[in-house]
Amino acid sequence: MSFQATTSQTVGPYFRIGLSPLYRNEVAGLQAAGTRIRISGRVFDGNGAAVPDALIEVWQANAAGRYRHPEDQGAAPLDADFVGFGRIPTGADGGFQFSTIKPGRVAGPGGCLQAPHIVVSVLMRGILKRALTRIYFGGEPANAEDAVLALVPASRRDTLMAQSDGEGHYRWDIHMQGEHETVFFAV
Amino acid sequence: MSDLKGYRKPWWHTQPEYVHPAYGSTVKRGPLQPLIEIPATLSEVTGPVFSATTIGKHAADLTAGHAGESIGERIIVTGRVLDENGKALSNTLLEIWQCNAAGRYLHEGDLHDAPLDPNFTGLGQVVTDAEGRYRFTTIRPGEYPWRNHYNAWRPAHIHFSLFGEAFAQRLVTQMYFPGDPLLPFDPIFNCIADEKARNRLVSSLDWENSKSEFALAYRFDIVLRGRHQTPWEK
Ligand SMILES: [Fe+2]
């Protein structure tokens, strides 16, 4: 057999049948340490229309900056009540929302710490492979020294910033196209 | 700390572009700006691990768990999950979904006028064994129409979702059936220029795993991205 990666195909409109068993919009367990936050937003297409059949998957470190994964051998402790995975389908208005804790800083390129962030896969009918992006936190001082953000043109960094509207709630929209097209990454 | 080994870039023309006009919905949904290349960080070389997390005892048999027999041709689907370096991915979760034998999904968004089967849900989950093998039993899915263009029909297919070992490896794909006359006309199957890569989405008839007087088997191997290797690891 060949050792080229299998070609990606769209999730199509009916992914709920197969993917709903792992839907979870509470990323942190009740006992997880850290600052509780809620992130909500909407997904828009190039016409500015809501995308009601998208799926958002998130992955993040715990409050101490440790991923629950064998590759993370950092000194920060694991949290027994925190895995860090969320999977949220959009509703009829293109909206999604999840609750979690604010992630800690994790190691980045060149030995510098990254700013707190959540990695995100966006899947939907109408895209043939997942779109990879990140949620950062607007106003976070560490953003200024983040090696990944530094690769993003300054004029587009806003698209990655969840903005606090108070009481631990952040707003972060996804624009697939248009003037405010979200920054998507290749890794 | 030294920088982490990243994942191989896709071979030329083996992964789709976001905008593929023959598949009409991509035109307003696919990002238009170039992707920003970033180095693999701890955030991308880690990811959720769902070893042995399945939905229960019927998860590997989509024909089971209902009051009666599912309608349609029973089939076995089997294969291996490897990475591009040939490493078997053991204990990795595959999520599976499909329409029934009549070409109808158990989903309120599916308005195709074909019957639902009360004995078929179309949801499965399997975890690979130590050699990266998986196996499940199901019903051969039907073809179904969609609205992409006049007289548009999807070839028979089964949807697969895999996490692998890292966020960088995430893959959602579709498995097709050999000899399906709809394949040359399907814009989703034909989303890439590389014919060999495309044809690897087509399963092959698998005599070895077929069960006489019970079910034919189809083989579908899946390759997730592999990490760059240092020369002495090759
Ligand atoms: Fe489908």
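Residues numbered from 1 in each chain as written. Chains lettered and ligands numbered in written order. Predicted model: local features only at pLDDT ≥ 70, side-chain atom pairs only at ≥ 80, totals over all residues. Heavy atoms only, no water.

## Considerations on the overall build of chain A
Here comes step 1: Scanning chain A from terminus to terminus reveals one helix and 10 strands.
Here comes step 2: Secondary structure elements of chain A, listed N to C terminal, follow the sequence α-β-β-β-β-β-β-β-β-β-β.
Here comes step 3: In terms of C-alpha radius of gyration, chain A reaches 17 Å, essentially the compact-globule figure of 16 Å for 187 residues.
Here comes step 4: Along the first, second and third principal axes, the C-alpha atoms of chain A reach 40 × 40 × 35 Å.
Here comes step 5: Looking at chain A as a whole, 58% of its 187 residues qualify as buried.
Here comes step 6: Of the contacts formed within chain A by residues at least 6 apart in sequence, a portion of 66% connects residues at least 24 apart. (Helix = DSSP H or I, 4+ residues; strand = E, 2+ residues; numbered from the N terminus. Rg over C-alpha atoms; globule rule 2.2 N^0.38 Å. Buried < 20%, exposed > 50% of the residue type's maximum accessible area, 1.4 Å probe, protein only. Contact = heavy atoms within 4.5 Å.)

## Here's the deal with the nonpolar core
Here comes step 1: If you look at the biggest cluster of nonpolar residues, it comprises 36 residues, and the most contacted ones within it are Tyr-134, Phe-136, Phe-160 and Ile-222 of chain B.
Here comes step 2: If you list the elements that add at least two residues to this core, you get strand S2 (74-83), strand S3 (93-97), strand S5 (133-139), strand S8 (157-162), strand S9 (171-176) and strand S12 (222-224) of chain B.
Here comes step 3: Grouped together as the second largest cluster of nonpolar side chains are 31 residues, Ala-142, Val-152 and Leu-160 of chain A together with Ala-40 of chain B included. (Core = buried A, V, L, I, M, F, W, Y, C linked by side-chain atoms within 4.5 Å.)

## Comments concerning the interface of chain B and chain A
Here comes step 1: The interface is formed by 84 residues belonging to chain B together with 71 residues belonging to chain A.
Here comes step 2: By the criterion of area lost to chain A, the three top residues of chain B are Arg-29, Ile-36 and Phe-167 of chain B, representing 13% of everything that side buries.
Here comes step 3: Viewed at the interface, chain A and chain B are joined by six salt bridges.
Here comes step 4: Our count for the chain B to chain A interface comes out at 41 residue pairs in polar contact (both at pLDDT 80 or more).
Here comes step 5: Per-element tally for the side of chain B that touches chain A: the top contributor is S9 of chain B, with five residues.
Here comes step 6: Of the residues contributing to the side of chain B that touches chain A, the split by class is 44 nonpolar, 22 polar and 18 charged.
Here comes step 7: Note: strand S10 (residues 185-186) of chain A against strand S1 (residues 36-37) of chain B, two bridges, orientation parallel. For Ala-186 of chain A, the partnering residue across the bridge sits in S1 of chain B and is Glu-37 of chain B. (Buried area = accessible area lost by both parts, 1.4 Å probe. Salt bridge = Lys/Arg side-chain N within 4 Å of Asp/Glu carboxyl O. Polar contact = N/O pair within 3.5 Å; in protein donor to acceptor, adjacent residues only side chain to side chain. Nonpolar A, V, L, I, M, F, W, Y, C, P; charged D, E, K, R; others polar. Pairing = 2+ DSSP bridges.)

## Things to note about the packing of aromatic side chains
Residues and elements named next belong to chain B.
Here comes step 1: Scanning the model with the defined rule gives 15 aromatic pairs over all chains in all.
Here comes step 2: Ring centres 5.0 Å apart and planes at 50 degrees place the aromatic pair Phe-50 and Phe-163 in the tilted group. Taken together, the positions of Phe-50 in the loop between helix H2 (42-45) and S2 and Phe-163 in the loop between S8 and S9 put the pair 113 residues apart, joining distant regions of the chain.
Here comes step 3: On the basis of relative accessibility, which here comes to 9%, the residue Phe-50 falls in the buried class. (Phe/Tyr/Trp six-rings, centres within 6.5 Å; stacked < 30°, edge-to-face > 60°.)

## Here's the deal with the coordination of the iron ion
Here comes step 1: Only Tyr-105 of chain B (OH), Tyr-144 of chain B (OH), His-157 of chain B (NE2) and His-159 of chain B (NE2) from the protein reach the iron ion as donors, at distances of 1.9 to 2.2 Å.
Here comes step 2: Coordination at the iron ion is irregular: its four donor atoms span angles of 92 to 163 degrees at the metal. (Donors = N, O, S within 2.8 Å, 3.2 Å for Na, K, Ca; no water. Tetrahedral: all angles 85-135°; square planar, octahedral: opposite > 155°, others 65-115°.)

## A short note on the sheet that holds S9 of chain B
All names here are of chain B.
Here comes step 1: Taken in spatial order, the four strands make up an open sheet running S4-S3-S8-S9, and their pairing is antiparallel. At either end of the open sheet lies a strand with only one pairing partner, and these are strand S4 (123-127) and S9. The sheet shows a mean angle of 25 degrees between the axes of neighbouring strands, taken without regard to direction. (Axes fitted to C-alpha atoms, helices over the stretch in contact; angles between N-to-C directions.)

## Things to note about the side chain of Asp-221 of chain B
Residues and elements named next belong to chain B.
Here comes step 1: Along the chain, Asp-221 falls in the loop between strand S11 (216-219) and S12.
Here comes step 2: Taking the relative accessible area as the measure of exposure, Asp-221 reaches 17% and is therefore buried.
Here comes step 3: There is a polar contact of 2.8 Å between the side chain of Asp-221 and the backbone nitrogen of Arg-80.
Here comes step 4: Of the polar contacts made by the side chain of Asp-221, one reaches the side chain of Arg-219; its length is 3.1 Å.

## Describing the confidence of the model for chain B
Here comes step 1: Put simply, chain B has an average pLDDT of 95, and 96% of its residues get 70 or more.
Here comes step 2: Both scores are given for the predicted complex: the pTM is 0.97, the ipTM 0.96. (pLDDT = per-residue confidence, 0-100.)

## What to know about the environment of Ser-210 of chain B
Residue and element names in this part refer to chain B.
Here comes step 1: Looking at the element boundaries, Ser-210 is found in the loop between strand S10 (204-205) and S11.
Here comes step 2: Separated by 65 residues in sequence, Ser-210 and Pro-145 have C-alpha atoms that sit 30 Å apart.
Here comes step 3: In this view, Ser-210 contacts Ala-215, Leu-216 and Ala-217; residues no more than four positions away in its chain are not counted.
Here comes step 4: Reaching out from Ser-210, the side chain makes a polar contact with the backbone nitrogen of Ala-217 at a distance of 2.8 Å.

## Some words on the pattern of salt bridges
Here comes step 1: A full pass over the atoms with the stated rule returns 17 salt bridges over all chains.
Here comes step 2: Arg-105 of chain A is the partner of Glu-145 of chain A in a salt bridge, and the nearest nitrogen-oxygen pair spans 2.8 Å. Here the residue Glu-145 of chain A occupies a position in the loop between strand S6 (131-137) and strand S7 (161-164), and Arg-105 of chain A occupies one in the loop between strand S4 (95-101) and strand S5 (117-124), the gap between them amounting to 40 residues.
Here comes step 3: Linking Arg-219 of chain B and Asp-221 of chain B is a salt bridge whose minimum nitrogen-to-oxygen distance equals 3.1 Å.
Here comes step 4: Looking at Arg-219 of chain B, the relative accessible area reads 27%, which means it is partly exposed.

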